[in-house]
Structures are given as C-alpha cells and as structure tokens.
Amino acid sequence: MKKTKRMEVLFLPTERGTIRVYVYGFKSPRSLGQVVVSYNDVSVEAKGYKRNKTIIKALAQLHELIVNNKDS
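Residues numbered from 1 in each chain as written. Predicted model: local features only at pLDDT ≥ 70, side-chain atom pairs only at ≥ 80, totals over all residues. Heavy atoms only, no water.

Things to note about the overall build of the protein chain
So, point 1. Each helix and strand counted, the protein chain has 1 helix and 4 strands in total.
So, point 2. Considering only residue pairs separated by 6 or more positions, the protein chain has 15% of its internal contacts joining residues 24 or more positions apart.
So, point 3. Within the structure as shown, the protein chain displays about 5,900 Å² of accessible surface, and the carbon and sulfur contribution to it stands at 53%. (Helix = DSSP H or I, 4+ residues; strand = E, 2+ residues; numbered from the N terminus. Contact = heavy atoms within 4.5 Å. Areas by Shrake-Rupley, 256 points an atom, 1.4 Å probe, with all protein chains shown as cover.)

Side note on a nonpolar patch on the surface
So, point 1. Taken together, Met 7, Val 9, Phe 11 and Tyr 24 make up a surface patch of nonpolar side chains, about 370 Å² in accessible area.
So, point 2. With 3 residues, strand S1 (residues 7-14) is the largest single contributor of residues to the nonpolar patch.
So, point 3. As for its position among the elements, Met 7 is in strand S1.
So, point 4. With relative accessibility at 47%, the residue Met 7 sits in the partly exposed group. (Patch = residues over 30% accessible without salt bridge, like charges linked within 9 Å, V, L, I, M, F, W, Y side chains within 5 Å. Salt bridge = Lys/Arg side-chain N within 4 Å of Asp/Glu carboxyl O. Buried < 20%, exposed > 50% of the residue type's maximum accessible area, 1.4 Å probe, protein only.)

Focus on the pattern of salt bridges
So, point 1. Throughout the structure, instances matching the rule amount to 1 salt bridge.
So, point 2. Measuring nitrogen to oxygen at the nearest pair gives 2.8 Å for the salt bridge that ties Glu 8 to Arg 51. Of this pair, Glu 8 sits in strand S1 while Arg 51 sits in helix H1 (residues 51-71), placing them 43 residues apart in sequence.

Description of unusual backbone geometry
So, point 1. Non-glycine residue Phe 26 carries a positive phi angle of around 55°.
So, point 2. Tracing the chain through its elements places Phe 26 in the loop between strand S2 (17-25) and strand S3 (33-39).
So, point 3. Given the relative accessible area of 14%, Phe 26 is considered buried.
So, point 4. Even without being glycine, Asn 40 reaches a positive phi, approximately 55°.
So, point 5. For Asn 40, the location among the structural elements is in the loop between S3 and strand S4 (42-48).
So, point 6. For Asn 40, a relative accessible area of 55% gives the class exposed.

A word on the environment of Leu 10
So, point 1. With respect to the secondary-structure elements, Leu 10 resides in strand S1.
So, point 2. The sequence separation of Leu 10 and Tyr 22 amounts to 12 residues, and the corresponding C-alpha distance is 6.5 Å.
So, point 3. The contact partners of Leu 10, leaving out residues within four places of it in the chain, are Ile 19, Arg 20 and Val 21.

Re the pairing of S1
So, point 1. Two elements, S1 and S2, share 8 bridges in a ladder whose sense is antiparallel. Within S2, the position partnered with Leu 10 by the bridge is Val 21.
So, point 2. Taking the residues between adjacent antiparallel strands as the criterion, S1 and S2 are bridged by 2 residues. (Pairing = 2+ DSSP bridges.)

This is the structure we're talking about:
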C-alpha cells in the first residue's frame with residue numbers, strides 16, 4: 001500500500017505580495033508536522049506537534065526576519 005503525502009496550502013494576500021503557508025503532516029493528534037512559510041524570496045520552516053501553534057511560530061519567525069532585514 002502506497003502512502004500519499006498530504007499538504008495544505010494557505011494564501012494570505014497583503015498589500016506588497018502574497019504569503020504562502022505550506023502545512024505538512026498533523027494527520028492525527030500528537031503527530032509531528034512541518035510548516036513552511038514563504039514571502040517573496042524569504043522562507044521559514046518550523047516543526048511541531050500542534051498545528052495552530054506551529055503556523056503562528058513560523059509566521060512570527062518570518063515577521064522577525066523581514067523586520068530585521070529592512071534595517072540593513
């Protein structure tokens with residue numbers, strides 16, 4: 001039997017582009033999942049056991065990365 005990988009994609013439109021959120025895993029409670037967030041040429045990856053918290057963590061990391069790069 002072949003296992004198929006499932007992925008969920010969320011698009012968050014903004015004034016300056018679109019944030020894409022790719023969610024892998026989280027099939028059952030307490031299962032490991034992965035979230036990849038990309039915005040223009042910047043991307044961040046986060047892993048965790050709770051889907052919502054992992055998405056928020058990845059978005060927060062992306063925000064910090066974008067804010068810190070604007071200063072440079």
